[in-house]
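Structure at a glance
Each chain, written out:
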Amino acid sequence: MASIANVIHDLTLEQKAGLVSGEDFWYTKAVKDAALPRMMLTDGPSGLRKQSEDADALGLGQSVPAVSFPVSALTACTFDRQALFELGRNLGVAAHANNVGVLLGPGVNIKRNPLAGRNFEYFSEDPYLAGELGAQYVKGVQSENVGVSVKHFAANNRENQRFTNSANMDQRTLREIYLTAFERIVKQAQPASVMCAYNKINGITSSENKYLLTDILRDEWNFSGVVLSDWGAVSDHVAALKAGLDLEMPGKGDLSTNEIVTAVRSGALDEATLDRAVNRILTMIMTYLPENSAADYYDKDQQHQFARKLASESMVLLKNDHAILPLKPKEKVLLVGELAQKPRFQGGGSSHVAPYKVTTLTMAARQIDNAVTYLPGYHLVDDQVDAKLEKAVLEAAKDADKIVVVVGLPEQMESEGFDKTRNTLPMNQNHLLDTLIAQGLDVIVVLQNGAPIAMPWVNRVSAILETYLAGEAVGEATFDVLTGKVNPSGKLAETFPIRLQDTPNYLTFDRNADDENYREGIFVGYRYYDTKHVAALFPFGYGLSYTTFIYQNLAVKVGVDTVTVSFTIKNSGEVAGQEVAQIYVSNQTSPIEKPAKELKQFIKVSLEPGQQKAVSVELDRRAFSWFNERTNHFQVDNGHYEIIVAASSVEPRLRKTIQLTWAPQPAAPLTENTYLSTLLARDDGADLLKQSGLNTIVDQLTKAGNNQALFDNMPLRALIMMGAKQEQLKQLFKLARA
């Protein structure tokens, strides 16, 4: 193919106008005269959803068979960068084998509220974790020469009225929380494309938001790929192109082409702007257009086994009283719950995959060394209690050594396209648990859900295993953990609140059809709970193991622009296991509102019984920074910072305070509104006061016993009422400028 510049030169205006919209629901437009083929883009955050050629536009149930991997809500709990790279690579293999050029994922929006309908598709409430894992996912997919589209840029944190509502927030909140994951991915992984969201941000539609798409994404972060729209997100195509959008999907056919041609000919759109978008689209196509393959063969059995391993190493053991888990060989197990036979293993909507090979818990139970009896216990189609089903469970429980109850949210309660109205299990599931507990039975709960749920029975059951939506290998992976074949090592990537009323945005989430007001600011998730000392049901970063770990020997070294944190972890238990060490930074210096601590690094360590490993991680300048709206930059302040090595956000294991002197400290100019305490803190403060003749008055004030704090907090202009002369103040300001 000719060079991109030559191709663009030879295209007609109509052909260029056609290229900036999709040919149909899934393809870029082909230009036969230029020998330019079309390229397919398709969904795939947790599995390839390539629509069959004869399917309808959405094709939600008519995609080609592919391995359904665990959703991002679960894979984030690995805290394992390499695992996410391997997930991406497997997805890239599947996409390439199916002639897909761009996979639409990962979704890296922040989980702001447990009711948000698409939480299962996103990684975390923490932008650092989401960014680090998302970058590895992108690198993995693109290592197979398949592009990605990181979504949804930006602040797409609710589903209700998602096409029109405005996410309203201050710039510090936008930069520190809602853009950080995208920034890390763009800078670390150079994704092929970024997908802009449906919603507005501070009143400006994302697809027409120049500040977002050009000023930040391109000019500041140096993104060079394609910006494409979420499907149907463009309301004004010409305005979107001017703002920095390149590709409208799926497009409106001839209407899309004609509106661009008309705009160029009328002068409403500069043709150079159109050429810029065409150049980016052609670059993406030429880079990621797959070789045409007649067959879609790839090793799906291998991918299924990877899905099993990934799911089992992501699951989070939330409770395990009296070491009731793992199940012991030969124990008689009663497996209860219709979800054990009809598992909820993936999200609803655009991420819905036609699975290759689903293994249910009832199927997997036949493969373990236990006598397992299965009973449904409840119906999924409604939430009404079935007394007959419950009675059968109670009878069978008399002969069981262990009772495993599988509960969760049916798909009709949790999907893309709408937000939930409650986070409680269906009534019949809670009733079943209450009935079993009332009989004095030890109950092991297995959860299948896309987001945090309420657990009114949490203190009365013996064990809880969070599996989220674990992909098609859900049955095998769950029993791998329940039986101890896999030692659980997942850690929660989001906070589970005790009540919805405890969430930081309880008063504002989904309250207004037009505006979603982010009044909680930067205090999202654990940043709120830990700072406000609000108890959580289960905190961020929390997860149990079948073994125990000891943290020791913390050493912190401050370098020129990095801080190195070193420590040792020892497996003090009797079985092999993996531990996620989380490194938080507590800013004790900056004169701003700030969380008690923020996650800034993590590392997952594998240890045999009794084994000890020394680990070391680096914190860069950004780990100690905050976004200053006045300067429009991230800022590091000199002063004290506490480094906390922890097992969760509320389980510190090691801590050390350090002093940073990275920032230049020019003396702030003195004005009439400068506080006396600020002047007294300056190295030259005493000398300035003496030269201006103000030292006598100030000495009297600062020695005035109980009044000292009052006078320290008075502006310099107030010295006039204490006897100072205006000429003395003028002399003070002149001397300070010299």
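Whatever comes next refers back to the structure up there.
I will try to describe carefully the structure that is included in this document. Just so you know, these numbers come straight off a predicted model, no measurement behind them.

1. So, the overall build of the protein chain
Per the secondary structure count, the protein chain includes 22 helices and 28 strands. Sequence separation of at least 24 residues holds for 75% of the intrachain contacts in the protein chain that already meet a minimum separation of 6. Charge separation in the protein chain, taken as the distance between the mean sites of 73 positive and 86 negative side-chain charges, equals 5 Å.

2. Examining the nonpolar core
Formed by 186 residues in total, the largest nonpolar core has its most connected members in F153, M455, W457, I464 and F538. What I464 contacts, discounting residues up to four positions off in sequence, is V316, L317, L318, K319, V445, L447, M455, W457, V458 and F538.

3. Comments concerning the sheet that holds strand β5 (residues 166–168)
Here we have four strands laid out as an open sheet, ordered β8-β7-β5-β18, and mixed in their pairing. Single-partner strands in this sheet number two, and they are β8 (204–205) and β18 (515–517).

4. Section: the packing of aromatic side chains
A full pass over the atoms with the stated rule returns 19 aromatic pairs. Seen from their ring centres, Y178 and Y518 are 5.1 Å apart, and the 85 degrees between their planes marks the pair as edge-to-face. In this pair, Y178 is assigned in helix α6 (residues 171–178) and Y518 in the loop between β18 and α17 (526–532), connecting sequence segments 340 residues apart. One exposure class covers both Y178 and Y518, and it is buried. Members of the aromatic cluster, joined through ring pairs, are F79, Y128, Y526, F540, Y584 and F602. The aromatic ring of Y27 is capped on one face by R38, whose charged end is 3.5 Å from the ring centroid. Sitting over the ring of Y518, R112 keeps its end group 3.8 Å from the ring centre.

5. Points about helix α16 (residues 474–482)
With respect to burial, α16 is a largely interior element, nine of its nine residues being buried. Regarding α16, the residues found buried are V474, G475, E476, A477, T478, F479, D480, V481 and L482. Of the surrounding secondary structure, the elements contacted by the buried residues of α16 are α12 (300–314), β11 (332–336), α13 (361–365), β14 (402–408), β15 (443–448) and β16 (463–466). Phi turns positive one or two residues past the end of α16, at G484, with a value near 85 degrees.

6. Quick notes on the sheet that holds strand β6 (residues 193–196)
Strand order in the open sheet made by the five strands is β1-β3-β4-β6-β9, with parallel pairing throughout. The sheet is open, and its two edges are formed by β1 (40–43) and β9 (226–229), each paired on a single side. The average undirected angle you get between the axes of adjacent strands in this sheet is 30 degrees. Note: strand β4 (residues 147–153) against β6, three bridges, orientation parallel. Paired with S149 across the two strands is S193, which belongs to β6. Contacting β4, β6 and β9, helix α8 (residues 210–220) crosses the sheet at an angle of about 155 degrees to β9. Packed onto the sheet, helix α11 (residues 271–288) meets β3 (100–104), β4, β6 and β9 and runs at close to 100 degrees relative to β9.

7. Things to note about the packing of α12 against α16
Put simply, α12 and α16 touch, their axes get as near as 8 Å, and they point 40 degrees apart. Regarding the angle of α12 to α16, the classification is oblique. Here α12 runs over α16; the crossing is right-handed. Of the residues in α16, those touching α12 at H304, Q305, R308, A311 and S312 are E476, A477, D480 and V481. Its residues assigned to classes, the contact of α12 with α16 shows three nonpolar, three polar and three charged.

8. Considering the environment of A596
Here A596 shows up in the loop between β22 (577–587) and β23 (598–607). As for A596 and E642, which are separated by 46 residues in sequence, their C-alpha atoms are 10 Å apart.

9. Concerning the side chain of T503
When you line up the elements, T503 lands in the loop between β17 (496–497) and β18. Using a relative accessible area of 5% as the deciding quantity, one classes T503 as buried. Polar contacts involving the side chain of T503 include one to the main-chain carbonyl oxygen of L500, which spans 2.6 Å. Discounting residues that sit within four places of it in the chain, T503 has contacts with N113, P114, P497, Y528 and Y529.

10. Some words on unusual backbone geometry
Geometrically, the link from K151 to H152 is a cis peptide bond, its omega value of -5 degrees lying close to zero. Within the secondary structure, H152 sits in strand β4. With an omega dihedral of 10 degrees, the bond running from F153 to A154 counts as a cis peptide bond. With respect to the helices and strands, the residue A154 is situated in the loop between β4 and β5. Even without being glycine, F79 reaches a positive phi, approximately 50 degrees. Relative to the elements of secondary structure, F79 occurs in the loop between α3 (72–75) and α4 (81–97).

11. Looking at the environment of I522
Mapping I522 onto the fold places it in the loop between β18 and α17. According to the relative accessible area criterion, I522 is buried, its value standing at 5%. The spacing of I522 and I216 is 306 residues in sequence and 19 Å in space, taken between C-alpha atoms.

12. So, the pattern of salt bridges
Going through the model one piece at a time under the given rule, you end up with 49 salt bridges. A salt bridge links D275 to K16; the nearest nitrogen and oxygen atoms lie 2.8 Å apart. Within this pair, whereas D275 is found in helix α11, its partner K16 is found in helix α2 (residues 13–19), the two being separated by 259 residues in sequence. A relative accessible area of 23% means that D275 is categorised as partly exposed. A salt bridge links R308 to D480, with the nearest nitrogen and oxygen atoms 2.8 Å apart. Separated by 172 residues along the polypeptide, R308 in helix α12 and D480 in helix α16 bring together distant segments of the chain. As far as burial versus exposure is concerned, R308 and D480 are alike and both buried.

The rules behind these values
Note on numbering: residues in each chain are counted from 1, in written sequence order. For a predicted model such as this one, the threshold for reporting local features is a pLDDT of at least 70, and the threshold for listing and counting side-chain atom pairs is 80 or more; totals across whole chains, interfaces and linings nevertheless cover every residue. To obtain the side-chain values, all non-hydrogen atoms of the structure were included, while hydrogens and water were left out. Every helix listed is a DSSP run of H or I at least four residues long, and every strand listed is a run of E at least two residues long, numbered separately from the N terminus. Should any heavy atoms of two residues lie within 4.5 Å, those residues are counted as being in contact. In this charge count, Lys and Arg are treated as positive and Asp and Glu as negative; neither His nor the chain ends contribute. To locate a charge, take NZ of a lysine, CZ of an arginine, CG of an aspartate or CD of a glutamate. Here, nonpolar core refers to any group of buried Ala, Val, Leu, Ile, Met, Phe, Trp, Tyr and Cys residues whose side-chain atoms link them within 4.5 Å. For the exposure calls, accessible area comes from a 1.4 Å probe over protein chains only, and a residue counts as buried if that area is under 20% of its type's maximum, exposed if over 50%, partly exposed in between. Strand pairing is assigned whenever DSSP detects at least two bridges linking the two strands. Each Phe, Tyr or Trp ring, with Trp reduced to its six-membered ring, pairs with another whose centre is within 6.5 Å; inter-plane angles below 30 degrees give stacked pairs, above 60 give edge-to-face pairs, and intermediate values give tilted ones. The rule for a charge over a ring is simple: NZ of Lys or CZ of Arg within 6 Å of the ring centre, and within 35 degrees of the ring normal. Only C-alpha atoms enter the line fits that serve as axes; for helices the fit covers just the stretch in contact. Angles between N-to-C directions range over 0 to 180 degrees. What sets the label is the angle itself: under 35 degrees gives roughly parallel, over 145 gives roughly antiparallel, 65 to 115 gives roughly perpendicular, and the rest give oblique. Note on convention: the crossing is left-handed when the near helix lies turned anticlockwise from the far helix by less than a right angle, right-handed when the turn is clockwise. Throughout this entry, Asp, Glu, Lys and Arg are counted as charged residues, while Ala, Val, Leu, Ile, Met, Phe, Trp, Tyr, Cys and Pro are counted as nonpolar. The remaining residues, Gly among them, count as polar. Nitrogen and oxygen atoms within 3.5 Å of one another constitute a polar contact, given that in protein one can donate a hydrogen and the other can accept it, and given that sequence-neighbouring residues count only through two side-chain atoms. We count a salt bridge whenever a side-chain nitrogen from Lys or Arg sits within 4 Å of a carboxyl oxygen from Asp or Glu.

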